[in-house]
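Structural overview for review
So the chains spell out like this:
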Amino acid sequence: MAATTLVILGASGDLTKRLLMPALYRLHALGLTPDLRIVGYAMESWSREHFERHIQKALQDFAPDYSASQWNRFRRQLDYVGGELKADQLSALKDRLSPATLFYLALPPPLFGVAATALGEAGVAKSPRNGWRRLVVEKPFGTDLASAEALRTQMHAHWEEEQILRIDHFLGKETTQNLMVFRFANRFIEPIWNAQHIAQVQITYAETLGVEKRAAYYDKAGALRDMLQNHLMQLFSLTAMAPLAEWDAEVLRNHKVEVLRSVVPITAATIDSHAVRGQYRAGQLGRKKLIGYRSEPGIARGSRTETFAALRLEIDNWRWRGVPFYLRSGKRLASNYSEIAVQFREVPGALPKAVHAGNNWMIFRIRPVEQMDLLVTAKRPGLELAGRPVVLTAPYASPDHREFSAYEQLLMDAFEGDRTHFLRFDEVEWAWRLLMPVLDAWQSGTPDFYAAGSEGPTSQKRLLDAGHAWRSIA
Ligand code: BG6
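About the thresholds
- Per chain, residue numbering runs from 1 following the sequence as it is written.
- This being a predicted model, a pLDDT of at least 70 is required before a residue's local features are given, and a value of 80 or more before pairs of side-chain atoms are given or counted; all residues contribute to the totals for chains, interfaces and linings.
- Think of the side-chain values as coming from all heavy atoms in the structure, minus any hydrogens and water.
- UniProt positions are given in the numbering used here, feature names are shortened, and annotations may be inferred rather than shown by experiment.
- Counting from the N terminus, the helices are the DSSP runs of H or I reaching at least four residues and the strands are the DSSP runs of E reaching at least two.
- Burial here depends on accessible area, computed with a 1.4 Å probe over protein chains only, as a share of the maximum for the residue type. Under 20% is buried, over 50% is exposed, and the range in between is partly exposed.
- Pairs of residues are marked as contacts when any of their non-hydrogen atoms sit within 4.5 Å.
- Between 30 and 60 degrees the pair is tilted, below 30 it is stacked and above 60 it is edge-to-face, where a pair is any two Phe, Tyr or Trp rings, Trp via its six-membered ring, whose centres lie within 6.5 Å.
- Nonpolar cores are built from buried Ala, Val, Leu, Ile, Met, Phe, Trp, Tyr and Cys residues. Side-chain atoms within 4.5 Å join them into one set.
- An automatic or database domain assignment provides the domain bounds reported here.
- Under this scheme, a helix contributes an axis fitted over its contacting stretch, all axes are lines through C-alpha atoms, and angles between N-to-C directions fall in the 0 to 180 degree range.
- The cut-offs work like this: below 35 degrees is roughly parallel, past 145 is roughly antiparallel, 65 to 115 is roughly perpendicular, and the gaps in between are oblique.
- We call a crossing left-handed when the near helix sits turned anticlockwise from the far one by less than a right angle, and right-handed when that turn is clockwise.
- Residue classes follow a fixed rule: Ala, Val, Leu, Ile, Met, Phe, Trp, Tyr, Cys and Pro count as nonpolar, while Asp, Glu, Lys and Arg count as charged, and any other residue, Gly among them, counts as polar.
- For this purpose, a residue is taken to be near a molecule or strand whenever a single non-hydrogen atom of the residue falls within 4 Å of it.
- The definition of a polar contact used here is a pair of N or O atoms within 3.5 Å, where within protein one atom must be able to donate a hydrogen and the other to accept one, and adjacent residues in sequence count solely through side-chain atom pairs.
- Buried area is calculated as the accessible area (1.4 Å probe) missing from two parts once they are joined, with the contributions of both summed.
- We count a salt bridge whenever a side-chain nitrogen from Lys or Arg sits within 4 Å of a carboxyl oxygen from Asp or Glu.

1. Considering the UniProt feature "binding site: substrate" (unreviewed entry) in the chain
This chain's UniProt record puts "binding site: substrate" (unreviewed entry) on His169, Lys173, Glu207, Asp226 and Lys331. Take Glu207: it is sitting in the loop between strand 7 (198–206) and helix 8 (215–240). For Glu207, a relative accessible area of 9% corresponds to the buried category. Looking at where Lys331 falls in the secondary structure, it is placed in the loop between strand 12 (324–330) and strand 13 (337–344). Of the residues examined, Lys331 reaches a relative accessible area of 4% and is grouped as buried. Ignoring any residue separated from it by four or fewer positions in sequence, one finds Lys331 in contact with Glu207, Leu209, Gly210, Arg214, Tyr218, Asp226, Tyr280, Thr307 and Tyr450.

Right, here's the structure in full:
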């Protein structure tokens, strides 16, 4: 019997093929999961050999370092059971489980609750005395506050909160994890990480992708649910949270929730100055002509779903009062450009114009490259005493250290039971609480149009304080 068993429910699906298996394959190749058994579970009544062929094909397509010899070692970890999400059929898994077993719900979101219940009824959710059971589930967690709470209740019927690992894959990204290290392991950051020194924060996740083949999901979700409620809210709370007194998953999550709880609620009266939505229409990216959202296959011709969302959030606490946090994300924008950009306030005193070359910025870049940039002013070489902007850059990657994908990171954490980079339910809940008034207001009206390949709707400007400008994503 393997030391650890990972059961993937939804093993014939896309997530398994594109992301989970390539990550598991790499971890195995690096010798990090020597004693793991992977049991695929799905509706198809496949043989183990058929499953192996399916996964081999997936790895040939999606694992960059695929090799026949490595595959021959990896395949020995695989097993398959066919069945529906029903307790009596899931019971067939029982004699394949190790004392340490992880269930991964690689399923469409409407099935999360069903699967969690059926596993519970099959009697596999209770941790054995000599081991553990964990349940991994990936966003979206509900489609609004009520459905998220209903899902929580359904899951908690058979699973303890501590057993549930909610994935937001942004928490597995190197740059996200670096935020904590950089903020708290450098002496000079904390004293200036507050409203006295910081003027504004911009968190941008811009994508050139359109809806791809996800029309059915995306047209119901939209950018606010798809990106802001989870990924950007996480980047926001990690940027704004107070330093940890103890390096502990519960303390960390308490701090993140504190941030969300301190956000000034957006109301029907303030929505126009705090939220903007957009939808792409036909446009162009380089030489490529792009169709509008409403002409994409599977999208309703009159769809009002937003493909761009921007928010202005204000935190009413001692650290942040008076600092706007601008968050935005959209599809079919000018480039794949993502960052957390922190602008510092002007220096005091009347510096001669020639000397002052602009405010300082600290930028955590996620795309196109992961790196940190600190924008400072330094003397311009020459006889005059004049300043010029200089960028101090630290590329994130280093030849001495291996990088891991978000799924590789999070799978390892899940095996080890480290909950630091998973969401506790109250984080999900508070993010929904903040956004419900926006979602409610957006049930009527229409998004502002922007040309595909542009920087988003011009109306996003109305969220900004005087003197602030959106950073360019082109
Ligand atoms: C997903 C969203 O959660 O994150 C997608 O559903 C988005 O719409 C994706 O494209 C972005 O993440 P990454 O890591 O692929 O850039």
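2. Some words on the packing of aromatic side chains
Tallied over the entire structure, the rule returns 16 aromatic pairs. A centroid spacing of 6.3 Å and a plane angle of 50 degrees characterise the contact between Trp71 and Phe74, whose relative ring orientation is tilted. Of the two residues, Trp71 and Phe74 both sit in helix 3 (residues 68–74), three residues apart, roughly one turn of that helix. Pair check on accessibility: Trp71 and Phe74 agree, each one buried.

3. Digging into the UniProt feature "domain: Glucose-6-phosphate dehydrogenase C-terminal" (unreviewed entry) in the chain
UniProt records the feature "domain: Glucose-6-phosphate dehydrogenase C-terminal" (unreviewed entry) at residues 180–470, using the numbering of this structure. This span, residues 180–470, is 26% helix and 25% strand, and a straight line between its end C-alpha atoms measures 25 Å.

4. Let's talk about the nonpolar core
Grouped together as the largest cluster of nonpolar side chains are 107 residues, with contacts concentrated most on Phe103, Leu105, Phe236 and Phe325. Per-element tally for this core: the top contributor is helix 8, with 12 residues. In terms of domain composition, this core takes at least three residues from each of domain 1 (4–167) and domain 2 (174–401 + 424–463). Each residue touching Leu105, except ones within four places of it in the same chain, is listed here: Leu9, Phe112, Ala115, Leu119, Leu135, Val136, Val137 and Met155. Residues Met21, Leu24, Ala63 and Trp71 belong to the second largest nonpolar core, which totals 35 residues.

5. Describing the packing of helix 8 against helix 12 (residues 425–441)
With their axes 10 Å apart at the nearest point, helix 8 and helix 12 run at an angle of 135 degrees to one another. Looking at the two axes, helix 8 sits oblique to helix 12. Considering the relative orientation of helix 8 and helix 12, their crossing is right-handed. Across from Leu224, Arg225, Leu228, Gln229, Met233 and Gln234 in helix 8, the residues of helix 12 making contact are Glu427, Val428, Ala431, Trp432, Leu434, Leu435, Val438 and Leu439. Taken together, the residues that form the contact of helix 8 with helix 12 break down as 10 nonpolar, two polar and two charged.

6. Looking at helix 5 (residues 112–121)
For helix 5, a buried count of eight out of 10 residues is recorded, marking the element as mostly surrounded by other parts of the structure. Among the residues of helix 5, those classed as buried are Phe112, Gly113, Ala115, Ala116, Thr117, Ala118, Leu119 and Gly120. Each element contacted by the buried residues of helix 5 is listed here: strand 1 (4–9), helix 4 (87–90), strand 4 (100–105), strand 5 (132–138) and helix 6 (145–156). Trailing helix 5 by a residue or two, Gly123 shows a phi angle of about 80 degrees, which is positive.

7. Focus: the site of the ligand
Contacts to the ligand come from Lys139, His169, Phe170, Lys173, Tyr205, Glu207, Arg214, Asp226, Met227, His231, Lys331 and Arg367. Residue Lys173 places a side-chain N or O atom 2.6 Å away from an oxygen atom belonging to the ligand. With three residues, helix 8 is the single largest residue contributor to the shell around the ligand. A per-class count over the shell around the ligand returns three nonpolar, two polar and seven charged.

8. Thoughts on the domain arrangement of the chain
Parsing the chain into structural domains produces domain 1 (4–167) and domain 2 (174–401 + 424–463). Contact residues are listed per partner, giving 12 residues for domain 1 and 13 residues for domain 2. Taken together, both faces of the contact between domain 1 and domain 2 bury some 1,100 Å²; the carbon and sulfur share is 66%. Taken as a group, Lys139, Thr143 and Leu145 account for 44% of the area that domain 1 buries against domain 2, more than any other trio of residues on that side. The interface formed by domain 1 and domain 2 includes two salt bridges. Two residues, Lys139 and Asp226, come together in a salt bridge whose shortest N-O distance is 3.1 Å. At the boundary of domain 1 with domain 2, the tally comes to four residue pairs in polar contact (both at pLDDT 80 or more). Ranked by the residues each element gives to the side of domain 1 that touches domain 2, the list is headed by helix 6, at four residues.

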